[in-house]
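Structural description and commentary
Letter by letter, the chains look like this.
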Amino acid sequence: MARKKAEGPQAPKMLRVHMAAHELGLHPFTVRRWIKQGKIQAVKIGLEARILRSEIERLVGKIDERIIVLYARVSGHRQQDDLAVQIARLQLWAEAERPRQKAVVLSDIGSGLKANRKHLHRLLKMVCEDRVAEIVITYSDRLTRFGQEYLETLFESFGVTLTILDPDEQKSPEQELTDDLLAIIASFSGRLYGMRSHKQKELVKCAQAVINNP
């Protein structure tokens, strides 16, 4: 399909949505949503929206103001030391790799299967408000034990980068399955007996012995 030529040498250059999204480092879905919300001024050409080069330049400053969220999580209060280690590592990484960007630390104490974690909710709200450029975690299960693909789709739609410092590439499929099964058993037994109860600990210990010695 032939491109429509600019009418005259002084006509400003206009970009299609996908090209504008590429230059801004955003998902095209985000650019279209911003156009509907009036955050981006676009020109209609037929059924398509085109964005002026000057508008792209204006938006670069706005996007640069988005922050980095450093998110840490542990399962229980007895792991406070581990939580502190995670946070310290994330902060050191941000200082070295993203020295010019504002970073905010969010952390939760709770199972990766729990959906009502306070700061996870805060993080998702910030993403939906287009305030986040990047989310950084130490391990892949810090955000959630299951369904991370859904979160990654959400992040991509808002032009958010997810960075995992240790992506657990060394884990075998069997080890990942073992970890997931134990997490499910720990979560459901915790709901039944309480996370600190003797019965819950015994059930998890028994399940671990069975899984590790089939």
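First, a word on scope: everything that follows refers to the structure included in this document. Fair warning: this is a prediction, and the values are worked out from it, not measured in the lab.

1. Some remarks on the packing of helix α1 (residues 17-24) against helix α2 (residues 28-37)
With their axes 8 Å apart at the nearest point, α1 and α2 run at an angle of 105° to one another. The orientation of α1 relative to α2 falls into the category roughly perpendicular. Contacts between α1 and α2 involve V17, H18 and A21 from the former and P28, V31, R32 and I35 from the latter. The residue makeup of the contact of α1 with α2, split by class, is 5 nonpolar, 1 polar and 1 charged.

2. Let's talk about the environment of A183
If you trace the backbone, A183 turns up in helix α7 (residues 173-193). Not counting residues within four places of it along the chain, the set of residues in contact with A183 comprises L113 and R145.

3. So, the sheet that holds strand β3 (residues 48-52)
Pairing within the open sheet is antiparallel, and its 3 strands lie in the order β1-β3-β2. Of all strands in the sheet, those bounded by a partner on one side alone are β1 (14-16) and β2 (42-45). On average, each strand axis in the sheet is tilted by 40° relative to the strand beside it, whichever way the strands run. Relative to β3, β1 runs antiparallel, the two being bridged by 3 bridges. Its bridge partner lying in β3, R16 is registered against R50.

4. Some points on the nonpolar core
L123, V127, I135 and L143 are the most contacted members of the largest nonpolar core, which totals 17 residues. When contributions to this core are tallied by element, the ones reaching two or more residues are β4 (67-74), β5 (103-109), α5 (118-128), β6 (132-139) and α6 (148-157). Here the element with the most residues in this core is α5; it accounts for 4 residues. Ignoring sequence-local partners within four residues, the contact set of V127 consists of V132, I135, L154, F155, F158 and V160. Counting 14 residues, the second-largest nonpolar core is a separate cluster that includes L15, V17, A21 and L26.

5. Considering the pairing of β4
Within β4, 8 of the 8 residues are buried, which leaves the element mostly enclosed by the surrounding structure. Here β4 shows two buried faces, one formed by I67, V69, Y71 and R73 and the other by I68, L70, A72 and V74. Bridging between β4 and β6 involves 4 bridges; their strand directions are parallel. Looking across to β6, one finds that I67 is bridged to V132.

6. Quick word on the sheet that holds β4
Ordered in space as β5-β4-β6-β7, the 4 strands form an open sheet in which the pairing is parallel. The open sheet has two free edges, formed respectively by β5 and β7 (161-166), since each of these has just one partner strand. Averaged over all pairs of adjacent strands, the angle between strand axes in this sheet comes to 25°, irrespective of strand direction. Where helix α4 (residues 80-97) meets the sheet, its contacts fall on β4, β5, β6 and β7, and the angle it forms with β4 comes to roughly 160°.

7. Let's talk about α6
Every buried residue belonging to α6 is among Q148, L151, F155 and S157, and all of these are buried. Looking at the buried residues of α6, the elements they touch are α2, α5, β6 and β7. Two residues or fewer past α6, G159 is found with a positive phi of approximately 70°.

8. Notes on α1
Of the positions making up α1, those classed as buried are V17, A20, A21 and L24. Along α1, the residues classed as buried sweep out an arc of 100° about the axis, all on the same side. In the segment just after α1, G25 is the residue with positive phi, at about 75°.

Reading guide: rules and limits
Residues numbered from 1 in each chain as written. Predicted model: local features only at pLDDT ≥ 70, side-chain atom pairs only at ≥ 80, totals over all residues. Heavy atoms only, no water. Axes fitted to C-alpha atoms, helices over the stretch in contact; angles between N-to-C directions. Helix = DSSP H or I, 4+ residues; strand = E, 2+ residues; numbered from the N terminus. Parallel < 35°, antiparallel > 145°, perpendicular 65-115°, else oblique. Contact = heavy atoms within 4.5 Å. Nonpolar A, V, L, I, M, F, W, Y, C, P; charged D, E, K, R; others polar. Pairing = 2+ DSSP bridges. Core = buried A, V, L, I, M, F, W, Y, C linked by side-chain atoms within 4.5 Å. Buried < 20%, exposed > 50% of the residue type's maximum accessible area, 1.4 Å probe, protein only. Arc of directions from axis to C-beta.

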